[in-house]
Structures are given as C-alpha cells and as structure tokens.
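Architecture and fold: a report
In case you want the letters, here they are:
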Amino acid sequence: HVDARSPHVDWESGQIRLLTEAEPWPPSARPRRAGVSSFGVSGTNAHVVIEEAPPAPPEEPVDPAPVRPVPVLVSGRDEAAVRAQAERLRSHLAARPELSVADVGFSLATTRAHLERRAAVVAADRDELLAGLAALAGEAPVDRVVPGKTAFLFTGQGAQRAGMGLELAAAYPVFGAALDQVGAALDPLLGRPLRELLASGELDDTAYTQPALFAVEVALFRLVESLGLRPDVLIGHSVGEIAAAQVAGVLSLADACTLVAARGRLMGALPAGGGMAAVQAGEEEVLPSLSGFAGRLEIAAVNGPLATVVSGDLDAVEEWLPGWAHRKTTRLRVSHAFHSPRMEPMLAEFRAVCAGLAYSEPVVPVVSNLTGEVVTGFDAEYWVRHVRAPVRFADGVRTLRAEGVTRFLELGPDAVLTAMARQTLDDDDAVFAAALRARQPEAATFAGFLGRAHAAGADVDWAAVYPSARRVDLPTYAFQRQRYWLAPGDTADAGLDHP
C-alpha cells in the first residue's frame, strides 16, 4: 500500500521501490510517478497513478508593449450596478498601488462576464484610471449592448490633416506596419515616401490627399482586424469607397494604389476655377434652385436629410449662394469641383487606368455611393461613374440600417461620417463611433473607440489589445440586493393585523 504521504516512488522494471529522502532520484526514473491505493468496505478499492508534469520549456522573452492608453471595461446588469462596480474597483486599486493599468484592464476584459450595461474608462496611468472610475461611479455615461450588425465607414476627402496616423503608428506596431505596406506600393506612384507626406503640410493637394487618406484608412482596417473587430458590411464616402473595396477584396493592394493615385493625380491636374458649397437643405429642395445653372452646377453629394452639397464653376457657386441666405451654408475648402461637370476632361484617361485593373467579388458586402444600395459588381466603368456622379451617402446609410446595422464605426482621420450618419438616422437604437478625431490624441481616441465598440456589443480580442499583461485578483461583482420579505417590525407598516 502506498499513500500520498509516501516518499517518492520509482517504477523501474515494473517494480515499486520506496526511496528515502536521503537517496538521490535515479536518472532512469523520469518522469516521477506515485501510486496511490485506497481500500474500503466490501472490497471497494480505488487506484490512481500520479505523474509529475513535463518540465515547462523556457519562456521566450516578450518585447514589452508600448505604453499607451487602454480601455478599462466595467459592466453590470443595470446602471446602478455599473456605478457600484466602478466604485468597488476604485477603492480596490487605491489600496493596491502595485497593480498596473494594463494588468487591471486585461483581467477585467478576460476574467469577467460582459453584461448588458457597459462602460470603458480610457487611461494610460493609475491616476487617470482612478479619476475615470470615480467619474463613472458618479454621472459618467453608461452604454448598453445594441443587438445588430456592424458597419465600417471610410471617410472621404476633406477630413485630411497633417500628421494623421503618425501618433497611432507609434502606439500600435500593427498599424505602423500596415501603413508602411501601403506606402511601399504608393511611394513609387507618388514620388515620395508616404510617412514624409503625412507629416508635411501638403495634404490639401488632391494628388496627395486621396492616396494619403486611402493609406491611413486601409491601415486602420488592418489594425482593428488584428484586434478582433469584424464588419458585416462596408461603406465609404467618395475616395473612401476605394479603401472599402480594397479591404473587401475587390482590388489587390497594388491595383487599389494604382487606382487611387491616378484618381488624385488626374483630378489635381484639372484647371482651377471650381467650387463646392454645402447647404442645410434636402435634395428635393435644392434641385429646383439649380434649374438656371445647367452645365455649371450640380448636386455633388447627399450626405443627410438636411445636408446637400453642390459643385461646379466657382462663379456659379457665388451666384447661387445668396438664394440660400435663409439657411446655413458652408463653402468647402477644396481645390476642385468634385463630382461635377468639371471632372469630365479626366474621365477618358482615368477609364484607361481602370481598364487595366483586375476586379474580384467582395468578400464583405459594400454599399455603393452611386446607388445607395449594395454593389452588385465592380468594373472599370463603375469607378469612372463614381468620379462624376453624386455621392449618395445618406441613401447608403439608410440601406445599412435596413440591413440590420446598428453599430456604425468610422475608420478615418476624423469623425465626419459619424456625424452625417447620426443626422441621417436619428435612431436611438444605432451607435456611432470614430476611430480618430482631429485635434485629439490619436492613441487615447482609438482606445475610446475600442471601448465604445465593445460597449455597443461588438467583439474585440482583448488578449491582442493587452499583449503583455497578466491576470490579477480583482473585486467580485457588486450585486444589487433588494429585500422581498418583511423585516422585524415591518408588519404594521405592511398593513398586517397583529395577533
């Protein structure tokens, strides 16, 4: 009989031999095993052989992840539970200064259930985390899961800004690598390095604007893809649709770079003298006002129920605007009159470029700017019409909603389409979030974007978000308790008769 208290056991040649603690472990006895038997009443017995685990291989050194803001998740069954959980976490962390933000965030994301009401505190250090949890325990917004599909929105021209994407590239190596991969294909077409261009003040030059936007948006897609976010459908605004088509598999990266570089170059080479203006009015209201400007002004984009853009000759724009003095109007800062008759001189050469590209069926549905519906097929002529025809973005957003999309996630350098889509739908069941925003730190904004997407119900791979973090002990759930039975002394208040 050998029990669990016995010295080590050597099973050599089928024999059990007890070893004293003074004896060295025989080399031939690897791995170590012990036999344990238990005998009970009426002949009942049980036997088990216990073997030590094989030695663990030496751990490979892990490069520490860049220090960056992260979303720290808190959830509960209701809003009160979220706030109580935030306060419980704050008190726990305040008493344990050794706990890092990354370890806490990783543990909350991977060892806690994600319940119906959710919030994310964005923090890069303990002070930010403690302050954010205190705010959440008070009156900071609490979100809720919204069932439905996810759409990615790719921003169009006008959102560009100097330095866009460069801070994010320093914080997220995956984004930087994807940006460089696009740059390797674009650099020969642009005649200069992409990163140098992004850091310059030349992004308002159409020949550079469109390829730069495309590069940042494709890299953003590769980043969110690496972190587990997946779209059910895609939409882009004007040049943004080229980014959508590339990530959907319609165009190879090389062909998409050829397309966007040619588009920007040919548009930028057109004669100056064009203008564009946005008016706070619907398409049906704007159309009659253009009757006297045939061939000079046309609708260039329908971005919302009260957001229409006209484009054409600059003198025609100046003549047309006074008729809208009773509405809010905005002159767009553009170099050319896009989506207007002034684009026609470039179309033949652009058609020749498009004809030399290969087109595949999209692996993710893409909603078209031309029709506002899901694209049934891409070819050279599609992209030629795409340059000249109005952008029907508002129709596309309505199509997304009709297809069951409730999460609208914008990939671009600013939150332009997020605002347009929100105005188009005015829907309490829809959630809008932008990956980046102008004049806001990129890494913190992106962390908030991940938290907002998660809070709305999108899946995120949190192990990828926290690549070097470890699990730590955290407080248990802050249950919300309600008494359903009478406490001593409550009988009179309950209206019960005393015996």
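The sections below set out a description of the structure shown in this document. (Residues numbered from 1 in each chain as written. Predicted model: local features only at pLDDT ≥ 70, side-chain atom pairs only at ≥ 80, totals over all residues. Heavy atoms only, no water.)

Overview of the overall build of the chain
Secondary structure summary: the chain contains 17 helices and 16 strands in total. Long-range pairs, those at least 24 residues apart, make up 74% of the contacts in the chain with a sequence separation of at least 6. (Helix = DSSP H or I, 4+ residues; strand = E, 2+ residues; numbered from the N terminus. Contact = heavy atoms within 4.5 Å.)

A word on the sheet that holds strand E8 (residues 149–154)
Pairing is parallel in the open sheet, where five strands are placed in the order E14-E9-E8-E15-E16. Edge positions in the sheet fall to strand E14 (366–367) and strand E16 (431–434), since each has one partner strand and no second. Sheet topology places strand E15 (residues 405–411) next to E16; four bridges connect them, and they run parallel. Bridged to glutamate 410 within E16 is alanine 434. Helix H15 (residues 416–425) rests against E8, E15 and E16 of the sheet, and its axis sits at about 165° to E16. (Pairing = 2+ DSSP bridges. Axes fitted to C-alpha atoms, helices over the stretch in contact; angles between N-to-C directions.)

Brief notes about unusual backbone geometry
Excluding glycine, residues mostly have negative phi values, and the peptide bonds linking residues are mostly trans. Of note in the backbone geometry, histidine 339 takes a positive phi value of approximately 55° without being a glycine. By secondary structure assignment, the location of histidine 339 is in the loop between strand E13 (329–331) and helix H12 (347–355). We note that aspartate 426 has phi near 45°; this positive angle belongs to a residue other than glycine. When you line up the elements, aspartate 426 lands in the loop between H15 and E16. Among the residues examined, aspartate 426 registers a relative accessible area of 69% and is labelled exposed. (Buried < 20%, exposed > 50% of the residue type's maximum accessible area, 1.4 Å probe, protein only.)

Considering the sheet that holds strand E10 (residues 274–279)
An order of E11-E12-E10-E13 is seen for the four strands of this open sheet, with the pairing classed as antiparallel. Looking at the sheet topology across the chains shown, the edges are occupied by strand E11 (297–304) and E13. Geometrically, the sheet is characterised by an average inter-axis angle of 20° between neighbouring strands, direction not taken into account. As paired elements, E11 and strand E12 (residues 307–313) share six bridges and run antiparallel to each other. Along E12, the bridge assignment pairs isoleucine 299 with valine 310.

Concerning the environment of alanine 433
Its place among the elements puts alanine 433 in strand E16. Assessed through its relative accessible area of 5%, alanine 433 is described here as buried. Taking the C-alpha atoms as reference points, alanine 433 and leucine 450, 17 residues apart in sequence, are found 8.9 Å from one another. Other than its neighbours up to four places away in sequence, alanine 433 contacts Phe408, Leu409, Glu410, Thr418, Phe449 and Arg452.

Description of the nonpolar core
In this structure, Phe175, Leu229, Phe350, Trp383, Phe446 and Phe449 are the most contacted members of the largest nonpolar core, which totals 128 residues. Dropping the residues within four chain positions of it, tryptophan 383 is found in contact with Glu241, Ile242, Ala245, Leu251, Leu259, Phe350, Cys354, Tyr359 and Phe378. One finds Val279, Val302, Ala316 and Ala394 within the second-largest nonpolar core, a separate group that totals 16 residues. (Core = buried A, V, L, I, M, F, W, Y, C linked by side-chain atoms within 4.5 Å.)

Remarks on helix H3 (residues 126–138)
Over its 13 residues, H3 extends 18 Å from the first C-alpha to the last, a length consistent with the 18 Å expected when each residue adds 1.5 Å. Those residues of H3 that are buried are in contact with strand E5 (70–76), helix H1 (79–94), helix H2 (101–111) and strand E6 (117–123). In this structure aspartate 125 caps H3, since a side-chain oxygen of it lies 3.2 Å from the backbone nitrogen of aspartate 127. (Expected span 1.5 Å × (residues − 1). Polar contact = N/O pair within 3.5 Å; in protein donor to acceptor, adjacent residues only side chain to side chain.)

Examining the packing of aromatic side chains
If you walk through the whole model with that rule in mind, you get ten aromatic pairs. Ring geometry for tryptophan 320 against tryptophan 324: centres 5.8 Å apart, planes inclined by 45°, an arrangement best described as tilted. For the residue pair tryptophan 320 and tryptophan 324, the accessibility class agrees, reading buried in each case. (Phe/Tyr/Trp six-rings, centres within 6.5 Å; stacked < 30°, edge-to-face > 60°.)

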